[in-house]
Amino acid sequence: MYVAVKGGERAIANAHSLLAKSRRGDESTPELTVTQIEQQLSLSVDRVMAEGSLYDRPLAALAIKQARGDLIEAIFLIRAYRTTLPRFGFSEPVDTSAMEVRRRISATYKDLPGGQVLGPTFDYTHRLLDFALAAEGETAIEAPATAPVDADATMPRVTDIIAADDLIEKSPVAEPGAPVGDLTRDPLAFPAARDLRLQNLARGDEGFLLALGYSTQRGYGRNHPFVGEIRMGEVEVELMVEELGFAVPLGEITVTECQMVNQFTGSTKEKARFTRGYGLSFGHCERRAMSMSLVDRALRSTEFEEEIKGPAQDEEFVLSHSDNVQATGFVEHLKLPHYVDFQAELALLRQMRAEYEAGTFAPAHQEAAE
Amino acid sequence: MSAAPAYNFAYLDEQTKRMIRRAILKAIAIPGYQVPFASREMPMPYGWGTGGVQITAAILGKQDVLKVIDQGADDTTNAVSIRAFFAKTAGVEGTTATEKATIIQTRHRIPEAAMQDHQIIVYQVPLPEPLRLLEPRETETRTMHALAEYGLMHVKLYEDITRHGHIAKTFDYPVEVAGRYVMAPSPIPKFDNPKMDDCPALQLFGAGREKRIYAVPPYTKVVSLDFEDHPFEPTKFDHPCALCGSTASYLDEVVTDDKGGRMFVCSDTDYCEKRRAEGHHGHLYGGEDMPLEAAE
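Conventions adopted
Chains are numbered independently. Their residues run from 1 in the order of the written sequence. Lettering for chains starts from A, numbering for ligands starts from 1, and both go in the order in which the items are written. Note on the predicted model: pLDDT of at least 70 is required for a residue's local features to be given, and 80 or more for side-chain atom pairs to be given and counted; whole-chain, interface and lining totals, by contrast, use all residues. Elements are defined by DSSP. Helices are runs of H or I of four residues or more, strands are runs of E of two residues or more, and each kind is numbered from the N terminus. Exposure classes come from backbone-placed C-beta atoms, where a residue is buried if 20 or more other C-beta atoms lie within 10 Å of its own, exposed if 12 or fewer do, and partly exposed in between. Think of it this way: build a C-beta for each residue from its backbone, and any pair within 7 Å is a contact. Taken over C-alpha atoms, the radius of gyration is set against a globule rule of 2.2 Å times the number of residues to the power 0.38. What makes two strands pair is DSSP finding at least two bridges between them. Angles here are taken between N-to-C directions and fall from 0 to 180 degrees, while the axes themselves are lines fitted to C-alpha atoms, restricted in helices to the stretch in contact. Each residue is assigned to one class: nonpolar for Ala, Val, Leu, Ile, Met, Phe, Trp, Tyr, Cys and Pro, charged for Asp, Glu, Lys and Arg, and polar for all the others, Gly among them. By definition, a nonpolar core groups buried Ala, Val, Leu, Ile, Met, Phe, Trp, Tyr and Cys residues that are joined through C-beta atoms within 7 Å. Throughout, the term roughly parallel applies to angles under 35 degrees, roughly antiparallel to angles over 145, roughly perpendicular to angles from 65 to 115, and oblique to all others.

**What to know about the overall build of chain A**
Part 1 of the reasoning: Scanning chain A from terminus to terminus reveals twelve helices and four strands.
Part 2 of the reasoning: C-alpha extents for chain A along the principal axes are approximately 85 × 70 × 55 Å.
Part 3 of the reasoning: Counting only residues that meet the buried cut, chain A has 29% of its 370 residues in that class.
Part 4 of the reasoning: Residue pairs at least 24 apart in sequence account for 64% of intrachain contacts in chain A once pairs closer than 6 positions are excluded.

**Regarding the overall build of chain B**
Part 1 of the reasoning: Check the secondary structure of chain B and you find seven helices and twelve strands.
Part 2 of the reasoning: In summary, chain B has a C-alpha radius of gyration of 20 Å against a globular reference of 19 Å for 296 residues, a match within 12%.
Part 3 of the reasoning: Expressed as lengths along the three principal axes of its C-alpha atoms, the size of chain B is roughly 60 × 55 × 35 Å.
Part 4 of the reasoning: Going through the 296 residues of chain B one by one, you find that 52% of them count as buried.

**Topic: the sheet that holds strand E8 (residues 202-207) of chain B**
Residue and element names in this part refer to chain B.
Part 1 of the reasoning: Pairing is mixed across the open sheet formed by seven strands, whose spatial order is E1-E9-E8-E5-E4-E2-E3. Edge positions in the open sheet fall to strand E1 (35-36) and strand E3 (93-94), since each of these has one partner strand only.
Part 2 of the reasoning: Inspection of the sheet shows E8 paired to strand E9 (residues 212-216) by five bridges, in the antiparallel sense. When the bridges of E9 are listed, Phe-205 appears paired with Tyr-214.
Part 3 of the reasoning: Of the strands in this sheet, strand E4 (103-107), strand E5 (120-124), E8 and E9 are in contact with helix H2 (residues 50-59), which crosses E5 at around 150 degrees.
Part 4 of the reasoning: The sheet strands contacting helix H3 (residues 77-89) are strand E2 (65-70), E3 and E4, and the helix crosses E2 at an angle near 155 degrees.

**Here we look at the interface of chain B and chain A**
Part 1 of the reasoning: Listed by partner, the interface residues are 52 residues for chain B and 44 residues for chain A.
Part 2 of the reasoning: In terms of residue count, the dominant contributor to the side of chain B that touches chain A is H3(B) (four residues).
Part 3 of the reasoning: Here the side of chain B that touches chain A is built from residues that sort into 21 nonpolar, 18 polar and 13 charged.

**Examining the pairing of strand E11 (residues 251-255) of chain B**
All names here are of chain B.
Part 1 of the reasoning: One ladder, built from five bridges, connects E11 with strand E12 (residues 262-266); its direction is antiparallel. Looking at E12, one finds that Val-255 is bridged to Arg-262.
Part 2 of the reasoning: A loop of six residues connects E11 with E12, the two strands running antiparallel in sequence, and Gly-260 in this loop sits at a positive phi of about 90 degrees.

**Focus on helix H3 (residues 42-52) of chain A**
Residue and element names in this part refer to chain A.
Part 1 of the reasoning: Summarising burial for H3: eight of the eleven residues are buried, a large majority.
Part 2 of the reasoning: Buried within H3 are the following residues: Val-45, Asp-46, Arg-47, Val-48, Met-49, Ala-50, Glu-51 and Gly-52.
Part 3 of the reasoning: Just downstream of H3, Ser-53 is the residue with a positive phi angle, here 45 degrees.

**Describing the nonpolar core**
Part 1 of the reasoning: The biggest cluster of nonpolar side chains holds 80 residues, and the ones touching the most others in it are B:Ile24, B:Ala27, B:Ile213, B:Cys241 and B:Leu243.
Part 2 of the reasoning: Excluding anything up to four places from it in sequence, B:Leu243 contacts B:Val265, B:Cys266, B:Cys272, B:Arg276, B:Gly282, B:Leu284 and B:Tyr285.
Part 3 of the reasoning: Within the second largest apolar cluster, 50 residues are counted, among which are A:Ile64, A:Leu212, A:Met260 and A:Leu294.

**A few points about unusual backbone geometry**
Part 1 of the reasoning: Cis geometry marks the peptide bond from A:Phe190 to A:Pro191, where omega comes out at -5 degrees.
Part 2 of the reasoning: In the Ramachandran plot, B:Asp172 falls in the positive-phi region, its phi being about 55 degrees despite a non-glycine side chain.
Part 3 of the reasoning: Assignment of secondary structure puts B:Asp172 in the loop between helix H5 (151-164) and strand E6 (175-177).
Part 4 of the reasoning: Unlike most non-glycine residues, B:Lys211 shows phi in positive territory, near 60 degrees.
Part 5 of the reasoning: Structurally, the position occupied by B:Lys211 is in the loop between E8 and E9.
Part 6 of the reasoning: Taking the number of C-beta atoms within 10 Å as the measure of exposure, B:Lys211 has 25 and is therefore buried.

**Points about the sheet that holds E6(B)**
To summarise the sheet geometry, strands pair through backbone hydrogen bonds and adopt either a parallel or an antiparallel arrangement.
Residue and element names in this part refer to chain B.
Part 1 of the reasoning: Strand order in the open sheet formed by three strands is E7-E6-E10, with antiparallel pairing between adjacent strands. At either end of the open sheet lies a strand with only one pairing partner, and these are strand E7 (181-183) and strand E10 (222-224). Direction aside, the axes of adjacent strands within the sheet are offset by 30 degrees on average.
Part 2 of the reasoning: The pairing of E6 with E7 spans three bridges and is classified as antiparallel. Bridging across to E7, Glu-176 finds its partner in Val-182.

**What to know about the packing of helix H1 (residues 14-29) of chain B against H2(B)**
Residues and elements named next belong to chain B.
Part 1 of the reasoning: Look at H1 against H2: their axes get within 9 Å of each other, and the N-to-C directions meet at 100 degrees. Taken together, the axis directions place H1 and H2 in an arrangement best described as roughly perpendicular. Where H1 abuts H2, its residues Lys-17, Ile-20, Arg-21 and Ile-24 lie against Gln-54, Ile-55, Ala-57 and Ala-58.

Listed below in structure tokens is the structure:
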């Protein structure tokens, strides 16, 4: 005799305890601490902060631990936490020209004021597995040699240098007191303004941005990019306090900024100038900042009256599919039961087959139902 | 169980609930129109009922009795999980009995028992836009709705008939609400569509990922799209329920062995259990081996 399957509640509780056990792994291995993750998996922490849109290193590290290293799951945990936090206000725009720079490179000039600073980069490492890291027990790491810091040396943004010659479009200036769009508080409508587009890209999935940025390089909406500058370091975040009448510093955050210098525009009415693509990300995330700036520039195609030829230039396509928390939820919801709908499909399919066999209906085309 | 102190009653903060209730009021005022709302990130994944959960959270009061179903059943894992969420964050009374519930949150079904005028049914909606599969762009579909330009949909249904002899839409079958907006009823089987028409209960639809809320007010005309010579037909079953013998309910097909064995049982578990308690028997329940014709 058939008995309807019961006990979903118990099954869920059991699945949760199995999950906890799997997360911990073999208990003879010491447990990871959140501090270890924060310190030694710092680029994972950066990605979780960027796509979780919450700058909090210990919380991001905790999320990574809880998610067993699944970064999208960790991002989801952070987002679900972030959504409950009260909003006190908006910070002032951060000034990246005043950044305490740890890395700064330009691909457009050999040398420039402030110089090129490689900083901590994988760029010129040979990707050979370092088996010394596999050995237990650590040897002291030599203090790296760095150039003496000149406290008076300024490091102007490369795009500002180009802009001084009027060779690149002007950077938009923030209007004081203008409302700031917040796509976590208002539903996104199309066409979206650039502030909301950048906000969307800043929390967009790194892999998605990377693939889109790559596609523009391969001809699906080319925009002739040059890396004007990538800089990474610490910037101060300030909040304007109405009662005080001035901005107070809240603290420092690490950000990566990419300013792309792109193909020029010009007409009989206007002098030719380079255009810009912009990328900014929490933490040290050059890949995402660069991809973001490529996609940002691609999304400005309409503004420059360029032909829309690639997916990266298609605003609705890009902005509707960039969020990996949304994407993973909807893709994975296919795991949920769909047997009611499947049954409805089965019934129609059987009916159509019966009619076919009885010769009562011959479809004009042999195409399957969607 | 009392609400966890760390969160507000029913999880969402009161400002968010107010924002959602405003969207709901607008939705009720314009039946079938999709109202954009500032959908929040919820502690369950998008696509798993975040829209329905936000609506339920926004309208839930302490005196409410909540029923949550998925595929018609109270005990499917996601229904269990959502019910547990509200038990934990709101401490409201839960029920599996359709007639006892004041709010019914559902995925993919409308209960078999007739809805009552003090009830609210909250649908979880994956894709709120009925025109989406015909036109991927939101900018386009919003214009089409604004102009009530639904020709594309009728052409699609017509093409189905020429290709398959039938409208090849068995669930999420488009409806016209109050003579104006074409609306996605969420992926309920078309079997359930007639229940939406002139329904005494308020029907609310929440799509969290797509950030849309829409509604069908009580006693509103809801018509499934069709043609005069190809009228809408709900799915029919050749079998009664194997457990309760009902011939009026939507059935799940259960595979019983690997030799083609199948049985059909009510998808609405509460309805099926109630009928059995009332003494109705299907051929696989109660030890009687009733022939199919004799059942019910």
